[in-house]
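A closer look at the structure
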Amino acid sequence: MLAIRSIPKILSLHSHSILKQGRLGTNWKSVSPLFGQNRGFSTPSNEQLDLIYHKRADEYLENLVEYLEEIGDELDHDGYDVVYSSGVLTLSLGSSGTYVLNKQPPNRQIWLSSPTTGPKRFDYEEPIKQWVYERTGLKLNDLLNKELSDILKAPIVTPN
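All values reported here derive from a predicted model rather than from experimental measurement.

Parameters and conventions
- Sequence order as written defines the numbering, with residues in each chain counted from 1.
- For a predicted model such as this one, the threshold for reporting local features is a pLDDT of at least 70, and the threshold for listing and counting side-chain atom pairs is 80 or more; totals across whole chains, interfaces and linings nevertheless cover every residue.
- The basis for the side-chain values is all heavy atoms of the structure; hydrogens and waters are excluded.
- Take a side-chain nitrogen of Lys or Arg and a carboxyl oxygen of Asp or Glu: if they are within 4 Å of each other, that pair is a salt bridge.
- Helix numbers and strand numbers start at the N terminus; a helix is a DSSP run of H or I with at least 4 residues, a strand a run of E with at least 2.
- Residue burial is assigned from relative accessible area. The probe radius is 1.4 Å, only protein chains are included, and a residue is buried under 20% of its type maximum, exposed over 50%, and partly exposed in between.
- A pair of strands is labelled paired if DSSP reports no fewer than 2 bridges between them.
- The criterion for an aromatic pair is that two Phe, Tyr or Trp rings (for Trp, the six-membered ring) have centres within 6.5 Å, with stacked assigned to planes under 30 degrees apart, edge-to-face to planes over 60 apart and tilted to the rest.
- Two conditions define a charge located above a ring, namely a distance within 6 Å from the ring centre to NZ of Lys or CZ of Arg, and an angle within 35 degrees of the ring normal.

1. Regarding the pattern of salt bridges
A full pass over the atoms with the stated rule returns five salt bridges. Between Asp150 and Lys146 there is a salt bridge; the shortest N-O distance is 2.8 Å. Residue Asp150 and its partner Lys146 are both found in helix α3 (residues 140-152); the two are separated by four residues, about one turn of the helix. Residue classification places Lys146 among the exposed residues on the basis of a relative accessible area of 54%. Among the ionic contacts, a cluster of salt bridges with common partners joins Arg56, Glu126 and Lys129.

2. Points about unusual backbone geometry
With phi around 50 degrees, Ser86 is a residue other than glycine that occupies positive phi space. Of note in this structure, Lys129 is not a glycine but carries a positive phi near 55 degrees. By the secondary structure assignment, Lys129 is in the loop between β5 (118-125) and β6 (130-133).

3. A few points about the sheet that holds strand β1 (residues 80-85)
The strands that make up a sheet pair up through hydrogen bonds in the backbone, lying either parallel or antiparallel. Spatial ordering of the open sheet is given by β1-β2-β3-β4-β5-β6-β7, a layout of seven strands whose pairing is antiparallel. The outermost strands of the open sheet, each flanked by one partner alone, are β1 and β7 (138-139). The sheet contact formed by β1 and strand β2 (residues 88-93) spans six bridges and is antiparallel. Within β2, the position partnered with Asp81 by the bridge is Ser92.

4. Some words on the packing of aromatic side chains
Scanning the entire structure with this criterion turns up three aromatic pairs. Seen in terms of ring centroids, Tyr53 and Trp131 are 6.2 Å apart; in terms of plane orientation they differ by 85 degrees. Their pairing is edge-to-face. Taken as a pair, Tyr53 in helix α2 (residues 46-74) and Trp131 in strand β6 lie far apart in primary sequence, 78 residues in all. Looking at Tyr53, the relative accessible area reads 0%, which means it is buried. For the pair Phe122 and Tyr133, a centre-to-centre distance of 5.9 Å together with 50 degrees between the ring planes defines the contact as tilted. Separated by 11 residues along the polypeptide, Phe122 in strand β5 and Tyr133 in strand β6 bring together distant segments of the chain. Here the two residues Phe122 and Tyr133 agree in accessibility, since each one is buried. An aromatic cluster is built from Tyr53, Tyr124 and Trp131, whose rings are joined through pairwise contacts. Positioned above the aromatic ring of Tyr133 is the side chain of Lys120, whose terminal nitrogen or guanidinium carbon lies 5.6 Å from the ring centre. Sitting over the ring of Trp111, Arg121 keeps its end group 4.0 Å from the ring centre.

Right, dumping it as structure tokens:
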């Protein structure tokens with residue numbers, strides 16, 4: 001039987017294992033004040049995690065906007081338009097529908113609304129440096145590459 005006083009030690013060992021394996025970035029919610037308090041290592045504060053999230057999300061969305069604008073200049077697709085403002089990226093594809101990607105700071109996620117596959121929420125996976133849909137493991141870039149390639153009838157490779 002597990003003694004109550006051994007639980008903090010087990011939790012400390014488990015949290016250290018998670019941090020050591022690099023999975024901390026997988027699930028931002030896994031960071032808890034319980035872990036890292038006087039246990040020989042420190043976890044990032046919520047403020048630090050917020051700064052990391054904003055840096056990753058802004059960098060991703062800005063790179064994506066730049067790429068999508070370049071694609072729009074090269075392709076002839078009726079109704080193609082890219083708008084980015086206040087953390088919300090809107091990609092209009094005329095009769096093919098509209099994609100909306102936006103930051104969700106309270107959850108530290110990027111949300112996608114796709115005219116093809118509907119809504120999804122992506123978390124940043126630090127070990128692979130990708131935004132990933134946790135339910136299926138689908139990477140945001142892979143989803144956008146496939147759907148946009150099908151719609152635009154051209155090979156699309158979005159930046160990470």
